[in-house]
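# Chain and residue survey
Below, each chain spelled out in residue letters.
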There are 4 protein chains.
Amino acid sequence: MANDYSANVPIYLQIINEIKLKIASGEWKTGQRILPVRELAMQFTVNPNTMQRALAELEREGLIYTERTTGKFVTSDDILVSNVRDMLAREYMQSFFSSMQKLGYNMGQTMKIIEDYVTKYKEGK
Amino acid sequence: MANDYSANVPIYLQIINEIKLKIASGEWKTGQRILPVRELAMQFTVNPNTMQRALAELEREGLIYTERTTGKFVTSDDILVSNVRDMLAREYMQSFFSSMQKLGYNMGQTMKIIEDYVTKYKEGK
Amino acid sequence: MANDYSANVPIYLQIINEIKLKIASGEWKTGQRILPVRELAMQFTVNPNTMQRALAELEREGLIYTERTTGKFVTSDDILVSNVRDMLAREYMQSFFSSMQKLGYNMGQTMKIIEDYVTKYKEGK
Amino acid sequence: MANDYSANVPIYLQIINEIKLKIASGEWKTGQRILPVRELAMQFTVNPNTMQRALAELEREGLIYTERTTGKFVTSDDILVSNVRDMLAREYMQSFFSSMQKLGYNMGQTMKIIEDYVTKYKEGK
DNA sequence: GTGGTCTAGACCACC
DNA sequence: GTGGTCTAGACCACA
């Protein structure tokens, strides 16, 4: 049996995911300037180096770019952002179906549960 | 420095979830005797004290009971198990919809994505 | 006129190039274990973090891989190494021809100079 | 901590090389008057003192001479310029062969690579 | 004031 | 002892 009791997910990876979500969801708009590294670090209560590392990684993925001495910006590539958003949605969905499967629900049963939930949600609203 | 990044989730909590999942999914059947603590601890490659703590917690929730001198058993209360299973499914589902909402998909859009996914899944199969 | 009086090339980039050369030239053989990060850092008289960064980059390029708790190894992919070697050779060559062009030699003239040089070299030997 | 990583090459040395190249390549013609130090300094976006130092060095090497009250001129000694040009070419070439050797190519292999490259270059053109 | 880099020193998980 | 991560604090180039 494989045993990996959650070795702490590195902070910089958690930050990467958080920011990726902000960009994908449009909370950080394409082309928009982002806060200075040091301010971001304070906002996330993290060391500037850690933030720097996270942003460097996001830059490698193309979600952020740097203008020397001016600052960092969200990419202006709407298609890229859209792809990231789709990819995240897909990950969430697959993870959800996988969890349901572990609980013993096959896809059809899972769909039924979802539909019931949505129906009740609409009525409740 | 105080920060809000996931300090390790205590191992005993992780184990509780694992076992709860085994019971809810039927991998551990109702009324079935479970292995001695020490063996379970080995199986999970965990300290026996940690396993003991997890089992105690599960017992408080009624999912496990102890017969002195005989050992520990999964509850025989099928309804309780069924409720736990439903509850977990509900948690997964709410968490999923919540994530999708953070990504900017409302419930209708999310449903559409799910249906597309399921359709493609069936075709692919 | 563009002015960029060599801002120091970052040490970690210099190290990357040095190590890449060692691997491409076969001084570090494919599959061979490399020294621990901290020892390498001492050998290069550099901070361990700097060495770590360089090695991480090389790992992203596939030239190095890590076995947890065991150490780091040169890739076993001979083809990859061969490609890197070819690429470096090509870079050197293009840089050379480019320099000669700046000096006012076209490709034919450059070839002539090379051949003279090689001829003399052989005679001298 | 002492280490052997390229501390910035002094700017005046970089400028010397740049100007030497201009003279050797004929961009600055023999006997031609060169701009006043202050204008050159501006062109190179460099402190006038730095430019002065570079020109003084070039004068010591005979590539430049000063006529009091008139200004500075490129040497009229075509043979000297030609020699400098040859010497630079030779340096580039030796540096190139040396790099290739470090990569593990002997002179014959290097020649083969050059010829392949030139052949493809001509076809491509 | 901006990002980028480097050092020093520490802690952690894994074996 | 191995790699990986994090913090703190410093320095640099560029504009």
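Residues numbered from 1 in each chain as written. Chains lettered and ligands numbered in written order. Predicted model: local features only at pLDDT ≥ 70, side-chain atom pairs only at ≥ 80, totals over all residues. Heavy atoms only, no water.

## Here we look at the interface of chain C and chain D
The condition is simple: We call two residues in contact when some of their heavy atoms are within 4.5 Å. Note on terms: buried area is the combined drop in 1.4 Å-probe accessible area of two parts once they are placed together, counting the loss on both. The definition of a polar contact used here is a pair of N or O atoms within 3.5 Å, where within protein one atom must be able to donate a hydrogen and the other to accept one, and adjacent residues in sequence count solely through side-chain atom pairs. To qualify as a helix, a DSSP run of H or I must reach at least 4 residues; to qualify as a strand, a run of E must reach at least 2; elements of each kind are numbered from the N terminus. Only Asp, Glu, Lys and Arg are considered charged, only Ala, Val, Leu, Ile, Met, Phe, Trp, Tyr, Cys and Pro nonpolar, and every remaining residue, Gly among them, polar.
On the chain D side, the residues contacting the 40 residues of chain C number 45 residues. Taken together, the two surfaces of chain C and chain D that pack against each other cover about 3900 Å², and 68% of this comes from carbon and sulfur. In this assembly, chain C and chain D are joined by six residue pairs in polar contact (both at pLDDT 80 or more). Put simply, the parts of the chain that give the side of chain C that touches chain D at least two residues each are α1 (11–24), α4 (78–103) and α5 (107–124) of chain C. Here the side of chain C that touches chain D takes 14 residues from α4(C), the largest share from any one element. A class-by-class count of the residues in the side of chain C that touches chain D yields 25 nonpolar, nine polar and six charged.

## Some details on the interface of chain B and chain A
Opposite the 44 residues of chain B that make contact, chain A presents 40 residues. Here chain B meets chain A over a buried area of about 3900 Å², counting both sides, of which 68% is carbon and sulfur. Considering only the surface of chain B that becomes buried against chain A, B:Tyr5, B:Leu103 and B:Tyr117 emerge as the three largest contributors, covering 20% of it. Across the contact surface, chain B and chain A share six residue pairs in polar contact (both at pLDDT 80 or more). Elements with a minimum of two residues in the side of chain B that touches chain A: α1 (11–24), α4 (78–102) and α5 (107–124) of chain B. Considering every element that reaches the side of chain B that touches chain A, the biggest residue donor is α4(B), with 13 residues. Of the residues in the side of chain B that touches chain A, the class split is 27 nonpolar, 10 polar and seven charged.

## A short note on the relation of the copies chain B and chain A
Heads up, the rule is: All copies are superposed by least squares; the fitting set is the C-alpha atoms of residues with a pLDDT of at least 70 in both.
Note on the identical chains: chain B maps onto chain A by a rotation of 179° and an axial translation of 0.0 Å, with an RMSD of 0.3 Å. Classification of the inter-copy transformation places it as that of a two-fold axis. Most of the interface of chain B is mirrored in chain A, where 91% of its interface residues again form contacts.

## Section: the protein's contact with DNA strand F
Put simply, the test is: The cutoff for a nearby residue is simple: one of its non-hydrogen atoms must lie within 4 Å of the molecule or strand.
Every one of the 22 residues lining DNA strand F counts as a neighbour, but A:Ile11, A:Asn47, A:Asn49, A:Thr50 and C:Gln52 are closest to it. In the model, a base nitrogen of DNA strand F is placed 2.5 Å from a nitrogen or oxygen of the A:Asn49 side chain. Of all the secondary-structure elements, those providing two or more residues to the surface near DNA strand F are α1 (11–24) and α3 (48–60) of chain A together with α2 (37–43), α3 (48–60) and β2 (71–74) of chain C. Here the surface near DNA strand F gets three residues from one element, more than from any other, and that element is α3(A). Here the residues of the surface near DNA strand F are counted per class, giving six nonpolar, 11 polar and five charged.

## Thoughts on the packing of α1(C) against α3(C)
All names here are of chain C. Spelled out, the test is: Where helices are involved, their axes are fitted lines through C-alpha atoms of the stretch in contact, as for all axes, and angles between N-to-C directions lie from 0 to 180°. The cut-offs work like this: below 35 degrees is roughly parallel, past 145 is roughly antiparallel, 65 to 115 is roughly perpendicular, and the gaps in between are oblique. A clockwise turn of the near helix away from the far one marks a right-handed crossing, whereas an anticlockwise turn of less than a right angle marks a left-handed crossing.
Between α1 and α3, the shortest axis-to-axis distance is 9 Å and the interhelical angle comes to 55°. Overall, the two elements α1 and α3 adopt an arrangement that is oblique. Regarding α1 and α3, the two cross each other, and that crossing is right-handed. Listed contacts from α3 to Ile-11, Tyr-12, Ile-15, Ile-16, Ile-19 and Lys-20 of α1 are Thr-50, Met-51, Arg-53, Ala-54, Leu-55, Glu-57 and Leu-58. The residue makeup of the contact of α1 with α3, split by class, is nine nonpolar, one polar and three charged.

## As for the pairing of strand β2 (residues 71–74) of chain D
The test is simple: Here, a strand pair is defined by DSSP locating no fewer than two bridges between the strands.
By the bridge criterion, four bridges tie strand β1 (residues 64–67) of chain D to β2(D) in an arrangement that is antiparallel. Bridging from a neighbouring strand, D:Tyr65 pairs with D:Phe73 of β2(D).

## A look at the protein's contact with DNA strand E
The environment of DNA strand E is made up of 22 residues, and the closest members are A:Gln52, C:Ile11, C:Asn47, C:Asn49 and C:Thr50. Measuring from a base nitrogen of DNA strand E, one finds a side-chain N or O atom of A:Asn49 at 3.2 Å. Counting only elements with at least two residues in the surface near DNA strand E, the list comes to α2 (37–43), α3 and β2 (71–74) of chain A together with α1 and α3 of chain C. Looking at which element gives the most residues to the surface near DNA strand E, the answer is α3(C), with three residues.

## Notes on the environment of A:Gly31
Residues and elements named next belong to chain A. Along the chain, Gly-31 turns up in the loop between α1 and α2. With 83 residues separating them along the chain, Gly-31 and Ile-114 place their C-alpha atoms 37 Å apart. In this structure Gly-31 touches Phe-73, Val-74, Thr-75 and Ser-76, once residues within four positions along its chain are discounted.

## Some remarks on the domain arrangement of chain A
All names here are of chain A. Put simply, the rule reads: Where each domain begins and ends follows an automated or database-derived domain assignment. Salt bridge criterion: a side-chain nitrogen from Lys or Arg within 4 Å of a carboxyl oxygen from Asp or Glu.
Looking at chain A, the domain boundaries give domain 1 (11–76) and domain 2 (79–124). The C-alpha-based centres of domain 1 and domain 2 are spaced at 29 Å. With nine residues of domain 1 in contact, the opposing surface of domain 2 contributes six residues. Its largest share of buried area at the contact with domain 2, domain 1 owes to Lys-20, Ala-24 and Leu-63, together 57% of the area lost on that side. At the boundary of domain 1 with domain 2, the tally comes to zero salt bridges. Put simply, domain 1 and domain 2 have zero residue pairs in polar contact (both at pLDDT 80 or more) between them. The class makeup of the residues in the side of domain 1 that touches domain 2 is four nonpolar, three polar and two charged.

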